[in-house]
Amino acid sequence: MNEPPILTEQQTPHCVDGADIEIITSREVPLGGLRAMSVYRTLPQRQRSLIGAWCFVDHYGPDNVADTGGMDVAPHPHSGLQTVSWLFEGNITHHDSGGNHAVVKPGEANFMTAGNGICHSEVSTQDTTILHGVQLWVALPDSARHGQRRFDHYVPPVIEVDGGQIRTFVGELAGSVSPVPTFTPLLGAEIRINPHSTVVLDINPDYEHGLLVDSGNVDVEGTKVERTELAYSGIGQNRLRIRNSSDEIARTVLIGGQPFTEQIVMWWNFIARDSAELNQMRQAWEEHSERYGKTEGYIGHDPQGLSRIPAPVLPDVTIRPRKNPQPVARPDVRF
């Protein structure tokens, strides 16, 4: 009698017992100028506003800066949040009103904590020909959102795992721990999956997770995920299986965290708790208040360009808190 073959993880029928996966599609958003650089935004959406405290995910490139003009974002404000910059290709200069000046490079994470208020600029460097990466925001809890400005820089090591490589820039994954302090429990990592391979991750069941696909033919727990889409899995899961069935290395970014339970209102570059507070944040920026300080060192691509981005007009309506669904994946939900 013939014995059935012994299958490896990568040969096993994929994820028959896998977790439910909810797909969050992206929308294309231009970032200023006649030759506007476009980004693909998956958070926030009407479908889901947060994953943990992650409240904003922009994915861009690979863009030829000769065609798009690259990135040139004049000084602008933030309150109540933390920005996280992670690049795949190209370099960006960062200046902020906390006196921090840095070059953001691929594989090096930069964290800017706004606290009560900060302003900064972001410009792709002159030697950048291709710009490619992600910009992420984290909502700060009430205990931290009125705090001091700060800036952190971290170069995570490459961790080899079966089927791929991991760089953990926030939190802990696959035995790699980021030293960057967070204000709520968070996870952020770049995960590369080798051709025709599967990466199996042990994950924190208290966290909800989202996997953004940048390249490769990827499925998560057996659910196909297209490029620029975000695959969401809710709390209660101990394992996540990511498969790449293409001939090239797949690149993804995993975010996660404990569900963020505080209500927030989000408008322009501000995260507040009600409309009145948003108006105060906007007014402080328009009045050049010390709340945000001043960014020194900004040199834009256009000598005739803005030296400072004015705030848009606040809508004449009450901005309601964002309602996030329960931290459970809904496989049949698509907007």
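Residues numbered from 1 in each chain as written. Predicted model: local features only at pLDDT ≥ 70, side-chain atom pairs only at ≥ 80, totals over all residues. Heavy atoms only, no water.

Looking at this model, I keep getting lost on the packing of aromatic side chains. Mind explaining?
Here the distance between the centres and the angle between the planes together describe a pair of aromatic rings. For the structure on display, the rule yields seven aromatic pairs. The interplanar angle of 40° and the centroid separation of 6.2 Å between the aromatic rings of Trp-267 and Phe-270 together place this pair among those described as tilted. By the burial criterion, Trp-267 is buried, and Phe-270 matches it. Taken together, a centroid distance of 5.6 Å and an interplanar angle of 85° make the contact between Trp-268 and Phe-270 edge-to-face. Classification of Trp-268 as partly exposed rests on a relative accessible area of 25%. An aromatic cluster is built from Trp-267, Trp-268, Phe-270, Trp-285 and Tyr-292, whose rings are joined through pairwise contacts. In this structure, Arg-251 is placed above the aromatic ring of Phe-88, and the distance from its NZ or CZ to the ring centre is 4.2 Å. The ring of Trp-285 carries Arg-308 above its face, with NZ or CZ at 3.5 Å from the centroid. (Phe/Tyr/Trp six-rings, centres within 6.5 Å; stacked < 30°, edge-to-face > 60°. Buried < 20%, exposed > 50% of the residue type's maximum accessible area, 1.4 Å probe, protein only. Lys NZ or Arg CZ within 6 Å of the ring centre and 35° of its normal.)

I'm lost on the UniProt feature "domain: Pirin C-terminal" (unreviewed entry) in the chain in this one. Help?
What UniProt calls "domain: Pirin C-terminal" (unreviewed entry) maps, in this numbering, to residues 189-287. As a span, residues 189-287 carries 12% helix and 49% strand, and end to end its C-alpha atoms are 38 Å apart. (UniProt positions renumbered as here; feature names shortened; annotations may be inferred. Helix = DSSP H or I, 4+ residues; strand = E, 2+ residues; numbered from the N terminus.)

Teacher, can you tell me more about the sheet that holds strand S11 (residues 130-139) here?
Picture the strands of a sheet paired through backbone hydrogen bonds; they go either parallel or antiparallel. The seven strands lie next to each other as S2-S3-S4-S11-S6-S9-S12, forming an open sheet whose pairing is antiparallel. Sheet topology places strand S2 (27-31) and strand S12 (150-154) at the edges, where each strand pairs with a single neighbour. For this sheet, the mean angle separating the axes of adjacent strands, direction not counted, is 20°. One ladder, built from five bridges, connects strand S9 (residues 109-113) with S12; its direction is antiparallel. Within S12, the position partnered with Met-112 by the bridge is Phe-151. (Pairing = 2+ DSSP bridges. Axes fitted to C-alpha atoms, helices over the stretch in contact; angles between N-to-C directions.)

Honestly, empty space enclosed by the protein in this entry has me stumped. Any pointers?
Regions of empty space are outlined by a rolling probe, equal in size to a water molecule, passed over the atoms. Tallied over the full model, the rule gives one cavity of 30 Å³ or more. The calculated volume of the largest cavity comes to roughly 60 Å³. Considering the residues around the largest cavity, the lining is formed by 13 residues, among which Thr-83, Ser-85, His-94, Asn-110 and Glu-122 are closest to the centre. Broken down by secondary-structure element, the contributors of at least two residues to the lining of the largest cavity are strand S6 (81-89), strand S7 (92-96), S9 and strand S10 (118-124). In terms of residue class, the lining of the largest cavity is built from five nonpolar, seven polar and one charged. (1 Å grid on protein atoms, 1.4 Å probe; cavity = no way out; pocket = protein on both sides within 12 Å on 5 of 7 lines; lining within 4 Å. Points joined across faces, edges and corners; volume = space filled by probe spheres on them. Nonpolar A, V, L, I, M, F, W, Y, C, P; charged D, E, K, R; others polar.)

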